[in-house]
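Remarks on the overall topology
For reference, the chains in residue letters:
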Amino acid sequence: MKFLKGYLFLFLISSFISFSQVDTIYRAPNVYAKGKVSKNKILLKWSVDNPVLWKKSLNTGYKLERTTVLRDGNPIMKDEVVTLEEKLLPLPLPEWEALAQQDSLVLVVAQAIYGDDFQVERNDNSLNSMMLLNDENNQRFAFSMMTAEQSFLATKAAGWGYEDKTAQANEKYVYTITLLGVDGNLHASVYIGLQDKEDATPPLAPEAIFGNKTVMIVWDFASQQNLYSSYHLERSVDNSNFKRLNDYPIFSWESNSKIISYTDHLEDNNTTYYYRILGVDTFGETSLPSTTISGKGINLLEYTPQIVAKGVIAENKVSIEWTFPEEGEFKISGFNVLQGETENGQFQLVKQNLQSNTRKDLVETKLKPSNYFKIQAVAKEGGSRESFPVLIQPIDSIPPVAPIDLEGEIDSLGVVNLKWKQNIESDLKGYKVFRGYDPKEEFVQITKAIWLQNTYRDSINSKSLNKKVYYKVIAIDQRYNESNFSKIVEIKKIDIIPPSSPVIKNYSFEENKITLDFIPSSSDDVMKHFVYRRTENEEDWQLIQEIEGKKTTRFTDTNVKPKTEYYYTITAVDDSENESDPAEPLIASPLLQIVKPAIKSFDYIVDRNNRVIELYWSSKEKDIYEYQLYKKSKEGSYILYKIIEPRKEKMNFIDSNINPGNVYNYSIRAVFKDGSLSAFKEIKVTY
């Protein structure tokens, strides 16, 4: 077995070392398989994903069956199952050495299967930190799987691959590979036919990063890992005759890597070198080459200029002084001056072709509030080196112009959206926004920091008593010069607060009409009052009158019917169409049509000793239901004062609710049992 431990195995160990990683997530073991059509035969390969089952499979083997499912494009209605191999096992050890003459990678798989030991020896301890698999069987499994991915010959020798040369062009098959000697049915299937077309897409073009007599070739591995498991890299100096650079397949060493890189050393920096890559699939077949890339090595300049002094001489003119080693002058063609707005942003060429012995220069260029300058040394053989950027700022005391076209709108939730015209100053830094509730009082800044946009969103309490809110804006430049205030914009809040309710303070009624006196709403923004009415039998209120403004405080309803009881209420409406709560309802009825004569006698006696007024009256009418006595003071209106039932004896009423020095008016009428009324009889009493 000593021949299995040669230099090739040591090389592969150093190459495959990163493949040996511990998977701490448990997964149920499985069998995986893939197939490919190649030269009128079908190639198959498979593997297990578990080290324990891998070791067991070396003794139990795999069974390979083929089921025909299509013939001439038509489904096969009965099972046509052929056992291609009853048990596939690794070849006996003596047969491996001959195969190794064709492909040296066969040695690695043979050592993993038949070797007495599989311990990797190195002179340093870095291997322990790189390799996480900690037992020999895991190492055998990992190296054999990685090697089998690169060598189909080794795969077939291990009993993990097969070439079906009996497949027919007009048929399509399902190949089933079953792991023998284990509980459960561990198998994999491949659906394939000779007419299947393989993806012949060549590898993606690589990229080249040229340095001083070196180049790093980089290409994308992850996007085509289902097509190619490894690569070959070729180089040419005439774009015609290419020579392979790698002795062994190039593949990704790390499972999470997305790119592959290869460093090539160049003989000189003057020759154009051409590179291309070829993909190798898991069956060992090589693809067409990728697109060719080319380039030359770069003579890197080892000297760098350094700016030591700078200043503004005049408007749009700066002075820059720098150092550069004299011993490096013969390597450069001269200097360029670069200018940028930011330290790490783009720089523009503002002056070029300064002599290699120049160390100071005046540069005329349009200066901005902040300017960064760099000195660039240009190498004769290509490439350049740049100094660190330095900041140069001209003196600026001129503020921006005040923002214009400030406007805004507010929604029902109190969210205010402001916008104004963007300032055009090149050195503009931003804005500050101010708010107030009185244009004559001091405004408060509501932007905590300098605001960069020409729009702003504010939020205010929509339920506060302020009807309007005011805003103004200033602009600020990079030197923090502040503009004048913009014009103030007035924004009327969306009023969601209803006005205060009016109050019905009095009423009177006459024949076929009812008059209401009310106190209007006290709110400032009231635009009108609504008078509503309904009868006792109605549920809904009807709007019967709109009264504009607050000056009119009396309403007379003439659209009434006798013997009907009416309910009245009044609301106030403001300029935002908010309607107040209704006033306390009033119940009233119009006077009936008079059909009975008035009471004939109605008189009084003033009793100053007892401080009362005695009223007395008489009537010859019959069927009187009640008497209604009304009273009013000198300045007031009549109100229903007392209802008195009729008596056979003298009808009178003693009023003790009086005060000296007043004049009282009394009015009385009779209400008959049929609902009709008599005329009023009035008297005037001075007390």
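Residues numbered from 1 in each chain as written. Predicted model: local features only at pLDDT ≥ 70, side-chain atom pairs only at ≥ 80, totals over all residues. Heavy atoms only, no water.

Here we take up the side chain of Ser387. Take Ser387: it is sitting in the loop between β23 (384-386) and β24 (390-392). If we skip the residues at most four places from it in the chain, Ser387 touches Thr304, Pro305, Gln306, Ile307, Lys374 and Ile375. (Helix = DSSP H or I, 4+ residues; strand = E, 2+ residues; numbered from the N terminus. Contact = heavy atoms within 4.5 Å.)

What follows covers helix α4 (residues 106-114). Where burial is concerned, most of α4 is hidden: eight out of the nine residues are buried. Along α4, the residues classified as buried are Val106, Leu107, Val108, Val109, Ala110, Gln111, Ala112 and Ile113. (Buried < 20%, exposed > 50% of the residue type's maximum accessible area, 1.4 Å probe, protein only.)

We now examine the sheet that holds strand β9 (residues 207-210). Each strand in a sheet pairs with its neighbour through backbone hydrogen bonds, running either in the same direction (parallel) or in the opposite one (antiparallel). Strand order in the open sheet formed by three strands is β9-β10-β13, with antiparallel pairing between adjacent strands. The open sheet has two edge strands, β9 and β13 (259-265), and neither has a second partner. Neighbouring strand axes in the sheet, compared pairwise and without regard to direction, differ in orientation by 20° on average. Inspection of the sheet shows strand β10 (residues 214-220) paired to β13 by seven bridges, in the antiparallel sense. Residue pairing for β13: Ile217 is matched across the bridge by Tyr262. (Pairing = 2+ DSSP bridges. Axes fitted to C-alpha atoms, helices over the stretch in contact; angles between N-to-C directions.)

Attention now moves to the packing of α4 against helix α6 (residues 136-150). The contact between α4 and α6 brings their axes to 9 Å, and the two run at 155°. The angle between the axes of α4 and α6 places the two elements in the roughly antiparallel class. Helix-helix and strand crossings are classified by hand; for α4 and α6 the assignment is left-handed. Here Val108, Val109, Gln111, Ala112 and Ile113 of α4 lie close against α6, whose contacting residues are Arg140, Phe143, Ser144, Thr147 and Ala148. In terms of residue class, the contact of α4 with α6 is built from six nonpolar, three polar and one charged. (Parallel < 35°, antiparallel > 145°, perpendicular 65-115°, else oblique. Left-handed = near helix turned anticlockwise from the far one by under 90°. Nonpolar A, V, L, I, M, F, W, Y, C, P; charged D, E, K, R; others polar.)

On to the sheet that holds strand β29 (residues 455-459), then. Read from one edge of the open sheet, three strands run β25-β26-β29, paired in antiparallel fashion. Each edge of the open sheet carries a strand with a single partner, namely β25 (407-410) and β29. Going across the sheet, the axis of each strand differs from the next one's by a mean of 20°, ignoring polarity. Pairing between strand β26 (residues 415-419) and β29: five bridges, direction antiparallel. Bridged to Leu418 within β29 is Tyr456.

Quick look at the pairing of strand β33 (residues 513-519) now. In terms of burial, β33 is largely enclosed, as five of its seven residues are buried. Between strand β32 (residues 503-510) and β33, which pair antiparallel and follow one another directly, the connecting turn spans two residues, one of which, Asn512, has a positive phi of 65°. Pairing analysis gives four bridges linking β33 to strand β36 (residues 554-557), with the strands arranged antiparallel. Bridged to Asp517 within β36 is Arg554.

Side chains bearing opposite charge may pair, as long as their charged atoms lie close to each other. Scanning the entire structure with this criterion turns up 30 salt bridges. Here Arg554 makes a salt bridge to Asp517, at a shortest N to O gap of 2.5 Å. Highlighted residues: Arg554 in strand β36 and Asp517 in strand β33, separated in sequence by 37 residues. A salt bridge links Asp655 to Lys631; the shortest N-O distance between them is 3.0 Å. Separated by 24 residues along the polypeptide, Asp655 in strand β44 (residues 651-655) and Lys631 in strand β42 (residues 624-633) bring together distant segments of the chain. Assessed through its relative accessible area of 1%, Asp655 is described here as buried. Among the charged side chains, a salt-bridge network with shared partners connects Lys36, Asp281 and Glu285. (Salt bridge = Lys/Arg side-chain N within 4 Å of Asp/Glu carboxyl O.)

This next bit is on the environment of Glu635. For Glu635, the position within the fold is in the loop between β42 and β43 (639-644). For Glu635, a relative accessible area of 71% puts it in the exposed group. Taking the C-alpha atoms as reference points, Glu635 and Val663, 28 residues apart in sequence, are found 9.4 Å from one another.

What follows is about the side chain of Gln376. Mapped onto the elements, Gln376 comes out in strand β22 (residues 371-379). Given a relative accessible area of 13%, Gln376 falls into the buried group.

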